[in-house]
Amino acid sequence: MPNRLAGESSPYLLQHADNPVDWYPWGADALDRARGERKPILLSIGYAACHWCHVMEHESFEDEETARLMNERFVNIKVDREERPDLDAIYMQAVQAMTGQGGWPMTVFLTPEGVPFYGGTYYPPEDRHGLPSFRRVLRSIADVWTSRQDDVARTADRMRELYAVSTEPVRGSGALSPELLDRAARGLAQQYDHGHGGFGGAPKFPQAMALDFLLRHAHRTGSEPALEMVTHTFRTMARGGVYDQVGGGFHRYAVDAVWLVPHFEKMLYDNALLGRLAVHLHQATGDAEARRVAEETIQWVAREMTAPSGGFHSTLDADSEGHEGKFYLWDEEEVRQLLGDDAPLVIAYWGISPDGNFEGRNILHVPSGVGVAAARTGTTDQEVLAAVDRARAVLYDRRARRVWPARDDKILAAWNGLMLRTVAEAARAFGDDDYRHLALRNGEFLARELVYDGRVLRMPPHGGRRPAGFLEDQAAVALAFLALYELTFDRSWFGRARQIADAMIEWFWSEETGAFFDTASDHEALVTRPREVTDNAVPSGTSLAVELLLRLAELHHDEDLRRRAVWVLETLAEPMARYPVAFGHLLGAADMEVRGAIELALIGDPATGDFGALERAAATTYVPSLVVAGGMPGATNGIGLLEHRTMHDGRATAYVCRRYQCDAPTTEPDTLATQLAEAARRVLPAPG
């Protein structure tokens, strides 16, 4: 018989709806029962694409004996971390404090008041590899709860002290300066893997935000080493098994240091961040491979991850038919049969062998480059690339007949905002109408279904419920709407972004603490109010909020917005410089403040050819911290950047400014491109 999760919308929770465990979703029913019966809470947090979550479910949650023990001794709550990042952050902090590490599935034991007193991650069904069996953990915790309440109380008190820190008033930690940014860049260089790209060893994560910061740092300062770190890392990732060579899109991370063997799940947010990096890299260097990867990634989203409503789905699972990665693996003989005369070229290019490179089969990757493949097969580079293009279509068609990995079709506001921004920027940079249409459909869906009075829901309403949004939802969607404004110059997108930003300040900013919190002030009362400032797999709500305020400050010429953003940056200045990998997105915002945004006002009718020529010149030029506004003279609608601007000689006219210093207005696209490139590198004194 299904348990209480059967009425939920989360695919992850629904995966557990037939477990013999008496699961509750997080909510008043479970918490009231725990308080009424004075039972401890067993909180299990995971997500649909998590391989070890599936393993623990099969080994333990589907086991009758384990379920009986859980049901007798605990009130059991299952949470989808992607639906409730607040709960995930709160209890991950506790698990990391208790054990020194964290991960998913996360297993936490709470008092009926929600205070953690013991936790861990995956537990096996039997003792192995130094880990106690899950049943042994359950019995031990049940015994502690009944016979050692003093120990439970002491641990709970320590956790309350840990949480209290996040609500204390913050203080400035250092001055914003070019030296701070230089320190961060040097710190990234010290962790850089010169052989294979990326930072650190195995497992290796893409770190797209840190790479994006290095790209803007290279462009601002002329640093060749910084540019090499970005281009080499992106190239090795794009040619590795961590990138889906057949269907496009990046897997979550590599389990090795060389980007060959991925953890095969595909996340919308990774592809949003890496796709945007690819767009920027192409703008900065003209690299054709970066453009191809950006386009293939967006095409994957359009083909496999877009709902009929226009919303973007969340993830593709790592597993199919009970095996991780099976969907993506190939045998040499299968490739030969499918590709005929193209097979030798493709086998040489993608490093396919009879013995394979992963459990006897082949993860497609590009081990040596097209030139080596051409030399080995006695062909030209063009012939190899043409064969590979044909092979992608054939192999994709064959792969589509396999059992697909499960898709988590949740539509999450923040992740949609990240991907919408990428698609909108790609549409602008590449002049692609299909991407423009995809971006507008998604933006219209978000505005229609997820935004109410300036407040952004986490997900579309379900069963009469409106899932509360978080800081990251507010800021990511507003930034995406600004990207749509810069793509279309439709003032409605600008107005929506400003309305969301105003609501963000009203509901998520605390004057007492001097910081943004991840939950709104009217959010349900939890054991603490979470405030995560580091950029992890996704940008933190704080870093997104800071960038949003800085961009709106430029567009509005609003110093109140800027002062708030600068204060947050100053409270995190020293951590940014010391731990740059953990603050990649925030460092980009700091660069905007320290080195100055580049303001571009395009005055004229956006429907005319001369306006379009100026817009194309700007769109194809890489300009870190570019802020764009456009429209007819006098039609400012509150956009300070457009005030007092006129057309010259009846033609569309561009104005490039930075910190109140402006170049001569121009009607020529080539002159505009030169002005933008020079403005991005021009050194100006710090404000104030």
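This write-up is about the structure you can find in this document. Throughout, residues of each chain are indexed from 1 in the direction in which the sequence is written. In keeping with the predicted nature of the model, local features appear solely for residues at pLDDT of at least 70, side-chain atom pairs appear and are counted solely at 80 or more, and the whole-chain, interface and lining totals rest on all residues. As a rule here, side-chain values cover all heavy atoms of the structure and leave hydrogens and water aside.

A short note on the pattern of salt bridges
Part 1 of the argument: The salt bridge criterion pairs a side-chain nitrogen of Lys or Arg with a carboxyl oxygen of Asp or Glu, the two atoms within 4 Å. Taken as a whole and assessed by the stated rule, the structure comprises 66 salt bridges.
Part 2 of the argument: Linking R183 and E574 is a salt bridge whose minimum nitrogen-to-oxygen distance equals 3.0 Å. Here E574 lies in helix α23 (residues 573-578) and R183 lies in helix α8 (residues 178-191), a separation of 391 residues in the sequence.
Part 3 of the argument: Among the residues examined, R183 registers a relative accessible area of 33% and is labelled partly exposed. Each helix is a run of H or I in the DSSP string that is no shorter than four residues. Each strand is a run of E no shorter than two, and both are numbered from the N terminus. Only protein chains enter the accessibility calculation, which uses a 1.4 Å probe; a residue whose area is less than 20% of its type maximum is buried, one above 50% is exposed, and one in between is partly exposed.

Topic: the packing of helix α20 (residues 491-508) against helix α21 (residues 541-556)
Part 1 of the argument: Relative orientation of the contacting elements α20 and α21 amounts to 125 degrees, with a least axis distance of 11 Å. Looking at the two axes, α20 sits oblique to α21. In this structure, α20 crosses over α21, and the sense of that crossing is left-handed. Contacts between α20 and α21 involve F494, A497, R498, A501, M504 and I505 from the former and A545, L548, L549, L552, L555 and H556 from the latter.
Part 2 of the argument: Under the scheme applied, nonpolar residues are Ala, Val, Leu, Ile, Met, Phe, Trp, Tyr, Cys and Pro; charged residues are Asp, Glu, Lys and Arg; polar residues are all the others, including Gly. Split by residue class, the contact of α20 with α21 holds 10 nonpolar, 1 polar and 1 charged. Helix axes use the C-alpha atoms of the stretch in contact, all axes being lines fitted to C-alpha atoms, and the angles between their N-to-C directions lie in the range 0 to 180 degrees. With respect to orientation, any angle under 35 degrees is reported as roughly parallel, any angle over 145 as roughly antiparallel, any angle of 65 to 115 as roughly perpendicular, and every other angle as oblique. Note on convention: the crossing is left-handed when the near helix lies turned anticlockwise from the far helix by less than a right angle, right-handed when the turn is clockwise. Here, two residues are considered to be in contact whenever any of their heavy atoms come within 4.5 Å of each other.

Here's the deal with the sheet that holds strand β1 (residues 23-25)
Neighbouring strands of a sheet are bound in pairs by backbone hydrogen bonds; such pairs are parallel or else antiparallel.
Part 1 of the argument: The sheet built from 5 strands is open, its strands ordered β1-β3-β2-β4-β5 with mixed pairing. Strands at the two margins of the open sheet, each flanked by one partner only, are β1 and β5 (116-120). Neighbour to neighbour, the strand axes of the sheet diverge by 30 degrees on average, direction disregarded.
Part 2 of the argument: Direction of pairing for strand β2 (residues 41-46) relative to strand β3 (residues 75-80): parallel, over a ladder of 6 bridges. Counterpart to I45 in the pairing with β3 is V79. The rule for pairing is simple: two strands pair if DSSP sees at least two bridges between them.

Considering the layout of surface pockets
Part 1 of the argument: Lining residues are those with an atom within 4 Å of a point, where the points come from a 1 Å grid over the protein atoms alone and group into cavities, where a 1.4 Å probe fits but cannot get out, or pockets, open sets with protein on both sides within 12 Å along at least five of seven lines. Grid points are joined across faces, edges and corners, and a volume is the space filled by probe spheres set on the points. Here the second largest pocket is characterised by a volume of approximately 520 Å³.
Part 2 of the argument: Forming the walls of the second largest pocket are 21 residues, and the residues nearest its centre are W26, E83, R84, R465 and P467.
Part 3 of the argument: Of the residues forming the lining of the second largest pocket, the biggest block, 3 residues, is contributed by β3.
Part 4 of the argument: Residues that form the lining of the second largest pocket fall into these classes: 8 nonpolar, 4 polar and 9 charged.

Some remarks on empty space enclosed by the protein
Part 1 of the argument: Counted by the stated rule, this structure contains 4 cavities of 30 Å³ or more.
Part 2 of the argument: Here the largest cavity is characterised by a volume of approximately 350 Å³.
Part 3 of the argument: In terms of lining residues, the largest cavity is bounded by 26 residues, among which H280, E425, E486, R551 and L626 are the most central.
Part 4 of the argument: Among the secondary structure elements, those contributing two or more residues to the lining of the largest cavity are α9 (208-221), α11 (268-285), α17 (413-430), α19 (471-488), α21, α25 (609-619) and β18 (626-631).
Part 5 of the argument: At 5 residues, the largest contribution of residues to the lining of the largest cavity is made by α17.
Part 6 of the argument: In terms of residue class, the lining of the largest cavity is built from 13 nonpolar, 4 polar and 9 charged.
Part 7 of the argument: Of the pockets and cavities examined, the second largest cavity occupies roughly 170 Å³.
Part 8 of the argument: For the second largest cavity, the lining is made up of 14 residues, of which M209, D212, R276, G584 and H585 are closest to its centre.
Part 9 of the argument: Mapped onto the lining of the second largest cavity, the elements with two or more residues apiece are α9, α11 and α24 (584-595).

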